[in-house]
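Chain residues, written in single-letter form:
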Amino acid sequence: MTGARSEPLTAHEGLLSGEAMVAGVVGHPVRHSLSPRLHGAWIRALGLDAAYVPLDVGPHGFETVARALIGGSFRGMNVTLPFKEQALVLADAATDRARAAGAANVLVYRTDGTVLADNTDGEGLLYALRRQAPGWRADRGPVTVIGAGGAARGAVAALSAAGATDIRILNRTRARADALCALLPATAFGWDAAEAAFEGAGTVINATSGQLTADAPLSLPLPPARAAGGVVVMDMVYKPLETPYLAACRALGHHTVDGLDMLIGQAVPAFEAFFGVAPPEIPVRELLLAAMYPTKGPAP
Ligand code: NAP
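About the cut-offs
Residues numbered from 1 in each chain as written. Predicted model: local features only at pLDDT ≥ 70, side-chain atom pairs only at ≥ 80, totals over all residues. Heavy atoms only, no water. Near = heavy atom within 4 Å. Polar contact = N/O pair within 3.5 Å; in protein donor to acceptor, adjacent residues only side chain to side chain. Areas by Shrake-Rupley, 256 points an atom, 1.4 Å probe, with all protein chains shown as cover. Helix = DSSP H or I, 4+ residues; strand = E, 2+ residues; numbered from the N terminus. Nonpolar A, V, L, I, M, F, W, Y, C, P; charged D, E, K, R; others polar. Domains from an automatic or database assignment. Buried < 20%, exposed > 50% of the residue type's maximum accessible area, 1.4 Å probe, protein only. Contact = heavy atoms within 4.5 Å.

### Observations concerning the site of the ligand
In step 1: Neighbouring the ligand are 24 residues; Ala148, Ala151, Asn171, Thr173 and Met236 lie closest to it.
In step 2: Arg176 has a polar side-chain atom sitting 3.0 Å from an oxygen atom of the ligand.
In step 3: Measuring from a nitrogen atom of the ligand, one finds a backbone N or O atom of Gly259 at 3.2 Å.
In step 4: Taking 940 Å² as the accessible area of the ligand by itself, protein coverage stands at 81%.
In step 5: Mapped onto the shell around the ligand, the elements with two or more residues apiece are α6 (150-161) and α10 (260-275).
In step 6: Taken together, the residues that form the shell around the ligand break down as 11 nonpolar, 9 polar and 4 charged.
In step 7: Inspection of the shell around the ligand shows a minimum of three residues originating in each of domain 1 (11-119 + 263-292) and domain 2 (122-258).

So, in structure tokens, the structure goes:
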């Protein structure tokens, strides 16, 4: 590991040349995105002539901005809500995993003037599970994915490719679960069949966006307490780090995995695609946690 810096990081320090490599995260909003800090920390640790910028394009500006950057020096973008589906449509080519997910979280601007869509969220999901649940395997029993949006779709594609053979989609809106399962190897369950969806599950992934605050009332179905081994339960949400869902599952004796390593894991291949080099081994999780939970410094 190279030395970590503890002061707050910016995307760059104003030392860019006219040939600097530029990439960024595009969404609406992007104010709360941690990606600029993450990529910025890697850029700085490597001393690259590069910048990674947050870009809010408003609710309707994605296509105009994404197209305007083609053919220039722009290297690529992470795409966040609500543009992931639009990004896949806009691209000239797509990886198999982006097509399987039906959405792109990465657009790579290639030197030949074409744009490649990729989806690295599934890779991030597997990275988080392997990192925080050592010994975890995709085939450690049925996998129950709660939610049927873009993130759930990416998760099913990745889990299936990693060896999961019994994947269950449990969603509030049953029709949306049915639609996902018509495209990918998974079985649909509605809220009223939660017990069946959790039956024997070894892994549970919360891929809903419903529980974003620590004080939100818990309304998601929980896996039953199990005597031996417990279930590995992951929440894709990383703020708060321990969501109400993870807290409830931990209280039931399950092993919990937070969403922060998923963010890091999806960023690794994106960084490599944008800047042509692997990110350095620096403690970025700690840097992100410091940004998420800043402690007050001494009074001026
Ligand atoms: P999405 O397409 O909007 O899907 C949202 C899903 O959440 C739907 O299945 C929806 O169910 C469900 N839902 C929303 N509110 C709910 C509530 N109150 N109760 C029960 N279910 C509810 O969103 P997405 O793109 O899939 O993202 C899902 C989550 O994953 C987001 O929180 C996102 O931030 C997170 N994520 C994290 C990472 C990471 O790097 N850690 C990466 C990608 C995504 P209905 O179909 O019934 O509406």
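Here the narrative resumes.
### With respect to the environment of Ala152
In step 1: With respect to the helices and strands, Ala152 occurs in helix α6.
In step 2: Exposure remark for Ala152: the relative accessible area of 0% places this residue in the buried category.
In step 3: Spatially, the C-alpha atoms of Ala152 and Ile169 are 8.2 Å apart, while their sequence positions differ by 17 residues.
In step 4: Setting aside residues up to four positions removed in sequence, Ala152 forms contacts with Val145, Gly147, Leu180 and Ala207.

### Here we look at the side chain of Asp118
In step 1: Structurally, the position occupied by Asp118 is in strand β6 (residues 115-118).
In step 2: At a separation of 2.8 Å, a polar atom in the side chain of Asp118 contacts the side chain of Thr95.
In step 3: Setting aside its immediate chain neighbours within four residues, Asp118 contacts Thr95, Arg97, Ala98, Ala104, Asn105 and Val106.

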